[in-house]
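# Architecture at a glance
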Amino acid sequence: MRNLLTGLLFLLCVQSAYSEDGYRLWLRYDKIKDERLLNLYRSRIKNIYLPGTSGTIAVMKSELTTALKGLLDKEVPFTDKITSGTLVIKIATLGIAVPESYTITSGKSQNITIGSPDDAGLLYGMFHLLRLLQTHSDVSSLNVIESPKIKTRILNHWDNLDRTVERGYAGFSIWDWHRLPEYVDPRYTDYARANASIGINAVSLTNVNANALLITPAYLEKVKVLADLFRPWHIKVFLTARFSAPMEIGGLKTADPLDADVKQWWKNKADEIYKYVPDFGGFLVKANSEGQPGPQNYNRTHADGANMLAEAVGPHGGIVMWRAFVYDSNVPDDRAKQAYSEFKPLDGKFNDNVIVQVKNGPIDFQPREPYHPLFGTMKSTPLMMELQITQEYLGQATHLVFLPVLWKENIDQADLKESNALKAVAGVANIGNDRNWTGHLFGQSNWYGYGRLAWDYNAASKQIADEWTRMTFGNDADLVQNVSALMLSSHETIVNYMTPLGLHHIMGANHHYGPGPWVSKMSRADWTSTYYHKADSLGIGFDRTDKGSKALEQYPNDAQKLWDSKDTCPEQLLLWFHHVGWNHKIAGTTLWDHLCNTYDKGLTNVRDMQTSWKSMSSKVDSDRFKHVSMLLDRQVKEAELWHHSCILYFQTFSKKPIPNGINVGDKPLEYYIGLQYPYAPGIRPRW
Ligand code: BDP
């Protein structure tokens, strides 16, 4: 008896230890507690009419069964007869002929009807309806019409074949390459479900710093298993191509894109890949960037390289995503200008099935950057924006920051909506094999938010934050309001305590974790912090006007006009574009005081985030509550590090007193300079 009781107790403990570990993401499907709503939904979804036999219909059936069993706490049967209260999901001709679009309607007839011209739209319509139930929405008079604004919505994993993840902070890669193709981790299906639920329809599996082995038969067999598994969820696989692959795995003497043998090699390779994966999406390429091989090794252009690969995949309907993340420390020009200088002259020279992939800002995924000047200038070249979901420069998996706010800022600035500029969109994944997928539970909101924005970049950050909170933590009004408010303010807060007023790239060397404004000696000047903040006895900031690096010239006239003068440039970008004197008048005080005050505001606000979360203790299960609490405690400590060390460091240039009321602790600057993180995760192994 005693043993039995101990056993039961043990089981209970085990269960509670694993019960709320975040694995279920936003697809939790817990029973709806509100009786009125529950009855309403049950009366509207008595059974399901879902004809068809495709793989997508099959996975939809399984998703609906699980979801409705959970949410409605009842088995909802499939039927081949539509009656009152049937959920009808069927192919239909809609007013809009856009692939993947769908409508959801309901009214007096007691039926909810999801219609789409294709299975993909039905899948997305289904997830939309499930979201409405999860967020306790009224479903009695629905008139939803949805179509994606961007055709290809891809996740870029930076995962290596040895399972390390470049800039990954959530454990190792979810791709268990060694045990594939036989061992198929059930997690792959949950990954696909999560992506499909937010409209992500493509993934590139591996690091842009590519390994040629990926496209050898041994790995293509493994890739095939993943592609087969993802297909019903309407997700295409892309692969990263190492430009020197013809030499490394093909035995050729060159990888020159104009060489006939090289061209033929890639054609054969593409044909081979399509045998494994008939709907292979195409290649993603990082070339002549940070030491990666590329066409310039042979005095050819990026267009020559991209077009050669485009010709190989073109006959199969594939595309090439060619990255514009290029800069060279041997080029004396401002790093912020280099991608534009190199790619702008190539406008119009790329084949139709090439999309140039451009980061959202001109440097590198900073907490705040102006938009990348290539958007709006490459009028004859399809472009796609690359966003970083993994928080390389934003506190990694330790800090809570809701990134859609950042992404929308650049999307809106660039006014991409009417241009050629958004043929596709890429998000660098923050996913790893941690039980909760993203390391920090709130990292899930960035994966979610990326998908939702990729589908509709007009969606408001608040709507996305509300939805995610409801689906992740529940529908309590107070909770939704508080958590969503905390998320929406988190970006400005992190900018303020890390890189206020347009400062950038002042993180620790290599790992990019924690403050490092003093970093001044590295193998390349354009990796140091002093290159970017340019603090001296006169002031601080990077002059990019015509008196400085002239980077501003790369922007359209109206942006130039706004940003060119210290008086009209919004303070958020002031030190990005200007070297500003310490005594410059701003916000009713001097630049020095305002810089200190802004750091201080960031610190105050992160403490507010901590307090706000603590006030939610009774509304969130203890496991997840504690997880976030502990990380917020750490975030506050690190915000203090940023605040104290940056103020002390910049004071060595301004030589001015720290404004009254600002506490920078009792440690000298040397203490902060001495802090090291030799084993910070996600570091690039080959620097
Ligand atoms: C930088 C990362 C580096 C990546 C590179 C890229 O530090 O690890 O390889 O971007 O985007 O942000 O290629």
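See the structure shown above.
One structure accompanies this document, and this report is about it.

Rules used in this analysis
Residues numbered from 1 in each chain as written. Predicted model: local features only at pLDDT ≥ 70, side-chain atom pairs only at ≥ 80, totals over all residues. Heavy atoms only, no water. Helix = DSSP H or I, 4+ residues; strand = E, 2+ residues; numbered from the N terminus. Rg over C-alpha atoms; globule rule 2.2 N^0.38 Å. Contact = heavy atoms within 4.5 Å. Buried < 20%, exposed > 50% of the residue type's maximum accessible area, 1.4 Å probe, protein only. Near = heavy atom within 4 Å. Polar contact = N/O pair within 3.5 Å; in protein donor to acceptor, adjacent residues only side chain to side chain. Areas by Shrake-Rupley, 256 points an atom, 1.4 Å probe, with all protein chains shown as cover. Nonpolar A, V, L, I, M, F, W, Y, C, P; charged D, E, K, R; others polar. Pairing = 2+ DSSP bridges. Axes fitted to C-alpha atoms, helices over the stretch in contact; angles between N-to-C directions. Parallel < 35°, antiparallel > 145°, perpendicular 65-115°, else oblique. Salt bridge = Lys/Arg side-chain N within 4 Å of Asp/Glu carboxyl O. Expected span 1.5 Å × (residues − 1). Bend = angle between axes of the 7 residues up to and from the residue. Phe/Tyr/Trp six-rings, centres within 6.5 Å; stacked < 30°, edge-to-face > 60°. Lys NZ or Arg CZ within 6 Å of the ring centre and 35° of its normal.

Secondary structure assignment for the chain yields 20 helices and 17 strands. The globule rule puts the C-alpha radius of gyration for 687 residues at 26 Å, and the 26 Å found for the chain is close to it. Dimensions of the chain along its principal axes, counting C-alpha atoms only, are 80 × 65 × 55 Å. Put simply, 74% of the contacts in the chain that link residues at least 6 apart link residues at least 24 apart.

Among the secondary structure elements, Lys 408 is positioned in helix H11 (residues 404-414). Owing to a relative accessible area of 12%, Lys 408 belongs among the buried residues under this scheme. Remark: the alpha-carbon pair of Lys 408 and Ile 215, spanning 193 residues in sequence, is separated by 35 Å. Setting aside chain neighbours within four positions, we find Lys 408 in contact with Leu 453, Tyr 457, Asn 458, Ala 459, Ala 460 and Ser 461.

Counting through the fold element by element, Thr 611 comes out in helix H18 (residues 591-614). Residues Thr 611 and Ser 629, spaced 18 residues apart in sequence, show a C-alpha to C-alpha distance of 9.6 Å.

Further remarks concern the site of the ligand. Taken together, 15 residues lie around the ligand, and Glu 166, Lys 286, Arg 323, Asp 364 and Glu 392 are the ones closest in. Take Arg 167: an N or O atom from its side chain is 3.0 Å from an oxygen atom of the ligand. At 2.6 Å, a side-chain N or O of Arg 323 approaches an oxygen atom of the ligand. Bound to the protein, the ligand loses 99% of the 320 Å² it would expose on its own. Of the residues in the shell around the ligand, the class split is four nonpolar, two polar and nine charged.

Time to look at the sheet that holds strand E10 (residues 319-323). The pairing of strands in a sheet happens through backbone hydrogen bonds and is either parallel or antiparallel. One closed barrel accounts for eight strands, arranged E6-E7-E8-E9-E10-E11-E12-E13; its pairing is parallel. For this sheet the average axis-to-axis angle between neighbouring strands, irrespective of direction, equals 25°. As paired strands, strand E12 (residues 383-388) and strand E13 (residues 424-428) are joined by five bridges and run parallel to one another. The residue of E13 that forms the bridge with Gln 388 is Val 428.

At their nearest, the axes of H18 and helix H19 (residues 622-654) sit 9 Å apart, and the two run at 170° to each other. The angle between the axes of H18 and H19 places the two elements in the roughly antiparallel class.

A separate point is the sheet that holds strand E3 (residues 102-106). With respect to topology, five strands assemble into an open sheet ordered E1-E2-E4-E3-E5, the strand pairing being mixed. Whereas interior strands pair on both sides, the edge strands pair on one side only; in this sheet they are strand E1 (47-49) and strand E5 (143-146). Taking each pair of neighbouring strands and ignoring which way they run, the sheet shows an average axis angle of 10°. With three bridges joining them, E1 and strand E2 (residues 86-91) adopt parallel strand pairing.

The next point concerns the pattern of salt bridges. For the structure shown, the criterion picks out 39 salt bridges. Here Asp 21 and Arg 435 are joined by a salt bridge, their closest N and O atoms 2.7 Å apart. One end of the pair, Asp 21, is in the loop between helix H1 (2-19) and helix H2 (35-44); the other, Arg 435, is in the loop between E13 and helix H12 (443-455), and 414 residues separate them in sequence. Taking the relative accessible area as the measure of exposure, Arg 435 reaches 44% and is therefore partly exposed.

With that settled, the discussion passes to unusual backbone geometry. Put simply, Leu 180 and Pro 181 share a cis peptide bond, and its omega is 5°. Among the structural elements, Pro 181 can be located in the loop between strand E6 (152-156) and helix H5 (187-197). A positive phi angle, near 75°, is found at Trp 437, a position not held by glycine. Structurally, Trp 437 can be placed in the loop between E13 and H12. Trp 437 gets classed as buried once you look at its relative accessible area, which sits at 0%. One non-glycine residue with positive phi stands out, namely Leu 501, at about 60°. Inspection of the secondary structure assignment puts Leu 501 in the loop between helix H14 (477-498) and helix H15 (530-533). Using a relative accessible area of 3% as the deciding quantity, one classes Leu 501 as buried.

Attention now goes to H14. Given 3.6 residues to a turn, an α-helix orients residues that are three or four positions apart in the same direction. Across its 22 residues, H14 extends 32 Å between first and last C-alpha, which sits within 8% of the 32 Å expected from 1.5 Å per residue. Largest kink in H14: about 40°, centred on Ser 490. Two to three positions downstream of the cap, the backbone nitrogen of Asp 478 sits 3.1 Å from a side-chain oxygen, assigning the N-cap of H14 to Asp 476.

The next point concerns the packing of aromatic side chains. Working definition: an aromatic ring pair is given by the centre-to-centre distance plus the angle between the planes. Enumeration over the complete set of coordinates arrives at 40 aromatic pairs. Here a set of aromatic residues connected by ring pairs shows up, and it is made of Tyr 23, Trp 26, Trp 175, Tyr 188, Tyr 191, Phe 230, Trp 437, Trp 447 and Tyr 448. The ring of Phe 78 carries Lys 61 above its face, with NZ or CZ at 5.5 Å from the centroid.

One can find Asp 456 in the loop between H12 and helix H13 (461-473). Judged by its relative accessible area of 18%, Asp 456 falls in the buried class. At a separation of 3.3 Å, a polar atom in the side chain of Asp 456 contacts the side chain of Lys 149.

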